[in-house]
Every structure is written in C-alpha cells, then in structure tokens.
Amino acid sequence: MENIEKSLKALQDGSFILVHDSSGREDETDLIVAAEKITPAHVRTMRNEGGGLICTALAKDLAEKLSLVFIQDIYQAAAKSFQILPELKADDIPYDEKSSFSITVNHRKTFTGITDTDRALTIRELAYIAKAEPNPQAFGLNFRTPGHIPLLISSGLGKREGHTELSIGLLEMAGLTPVSVVCEMMDDETFKALTAEKAKAYAEKNGLVFLEGSEILNAYEKWRR
C-alpha cells in the first residue's frame, strides 16, 4: 500500500506516475497525471518522453452527464449512411472487447488546438467543467469537435482493466476530479512500447512512482469496501 499512497500524493501534487497495465493485456506503461493539474510542461513531457497518444479519460458517470458516447456507437449509428463504416468495425481487438474511445475535442478558446498550450487548456477546462457544470449544454458551449484531445470513457474497474479505468480509479482514491491524462510510453530503440523494466528504470531516474495494474486493482477493491 505504500506505493499506492505515494502515487495518490504524487497525483494530488500534480506529478506524473507510471502505470503498467499487465503483461497479459496491452503490456504498456502510461504516463498519467490529473487533468485538473495539467500544464503545457506536462504535455511537452508526454509528447517527448512518452511519445504515444495523449488522451483524456473521464469517469463513466461523468461521461453520462455530458452525454458522451463511445465512438464505435456513433459509427454504428452512422453505418447505414456511410458504406465504409461497417467494413471498419473494431471486432478483432486482441487485448479487449471494446475500445474506450469517445469523440475528440478542442476548447473553443484554442487556435489550432495542437500546441502544448492549447492542449493543456483543453484538458484543464475538461476537468473544470467536470467539477463545476457537467451537462451537455455547457459542454457544447465550451468545446468543439473534432479536436486534438481524444476522450476516453471509463467502463469502471471490474468491467475493464485498461489505463482508462486504472487512472480514474486512482483519481477517485486521491479525492481528485475523475478526469485523467494518459500517454503510452514508446521505445525509440525497438520502435515498440517501452518494456516494464525500462519504464521502471525511467521512473527511478526521474523520481516517479511506478505501479502495476494489479496493485491498483487490489487497493481499489479495499477502498470501495
């Protein structure tokens, strides 16, 4: 539990933590930070030292309040009008049954939306609206789609054990707004995901907490009792 406590404190302080899901799933390590603590410097670190897709994950009940839906459900609804969509159905994901992806957004005050400053603004405002006014009308007034921030919807730990759910579980335990930022760590040498061993070494070098998904699952189960 000491490792969990350190990770919760780090998230509360606005620091990154590293989470490896499991060797039997994606077998990837993500840089994770609380959306309400995001700065342009966080985005810079994720794109330079993570290298994967910078996404923002939201708790299931929050996504429902904003009327967010999974992107594959949008595609399914549009399939009758666009012939290509049924052909592209994601029915062969090797590590999971369903993707957590929803729509992509930019905040309406951004310019292109892709700069570190713009992305930090969009992410920070997502956390703000989640805490202050989580309804579709306010969401539409403040954000546009498509954008440069992919949104992920948590299905909840117990139903799915991806970085989306693991990060939201940690934020709930930390007493923070359940909106997280996740980015996969890539390996420049192998052109693949960074191994857990290399991710641990990175964490030690930079004074960051490294967690296995199983540690989070066990702690969350105890916390929920």
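Look a little higher up for the structure.
The rules behind the values
Residues numbered from 1 in each chain as written. Predicted model: local features only at pLDDT ≥ 70, side-chain atom pairs only at ≥ 80, totals over all residues. Heavy atoms only, no water. Helix = DSSP H or I, 4+ residues; strand = E, 2+ residues; numbered from the N terminus. Expected span 1.5 Å × (residues − 1). Buried < 20%, exposed > 50% of the residue type's maximum accessible area, 1.4 Å probe, protein only. Core = buried A, V, L, I, M, F, W, Y, C linked by side-chain atoms within 4.5 Å. Contact = heavy atoms within 4.5 Å. Salt bridge = Lys/Arg side-chain N within 4 Å of Asp/Glu carboxyl O. Patch = residues over 30% accessible without salt bridge, like charges linked within 9 Å, V, L, I, M, F, W, Y side chains within 5 Å. Areas by Shrake-Rupley, 256 points an atom, 1.4 Å probe, with all protein chains shown as cover.

Colleague: Before we go on, may I ask you to explain helix H8 (residues 163-174) in this structure?
Modeller: Residue pairs three or four apart in sequence face the same way in an α-helix, which turns once every 3.6 residues. For H8, spanning 12 residues, the distance from its first C-alpha to its last is 16 Å, which sits close to the expected 16 Å at 1.5 Å a residue. Counted residue by residue, H8 has 11 buried out of 12 residues, so it is predominantly covered. Taken together, the buried positions of H8 are His163, Thr164, Glu165, Leu166, Ser167, Ile168, Gly169, Leu170, Leu171, Met173 and Ala174. Two residues or fewer past H8, Gly175 is found with a positive phi of approximately 75 degrees.

Colleague: Help me understand the nonpolar core, please; the structure alone is not making it clear to me.
Modeller: When a protein is soluble and globular, its nonpolar side chains tend to lie buried together. Judged by nonpolar contacts, the single largest core of 65 residues is most densely connected at Ile17, Met46, Leu68, Phe139, Leu151, Leu170 and Ile216. Leaving out residues up to four positions away in the same chain, Phe139 has contacts with Leu66, Leu68, Ile103, Val105, Leu126, Ile129 and Leu151.

Colleague: Sorry if this is basic, but what is going on with the pattern of salt bridges here?
Modeller: For side chains bearing opposite charge, pairing can occur when the charged atoms are close. Under the criterion given, the structure shown has 11 salt bridges. Of the charged contacts, one joins Lys60 and Glu64 as a salt bridge, the two residues approaching to 2.7 Å between their closest N and O atoms. Pair noted here: Lys60 and Glu64 are both in helix H3 (residues 60-65), with a separation of four residues, about one helical turn. Where Arg160 meets Glu165, a salt bridge forms, and the shortest distance between an N and an O atom there is 2.8 Å. Accessibility expressed as a relative area gives 1% for Glu165, which makes it buried. Sharing partners across several salt bridges, the network here consists of Asp21, Arg25 and Glu26.

Colleague: Please explain a nonpolar patch on the surface as it appears in this structure.
Modeller: On the surface, Val69, Ile74 and Tyr75 cluster together into a nonpolar patch covering about 250 Å² of accessible area. With respect to the helices and strands, Ile74 occurs in helix H4 (residues 71-78).

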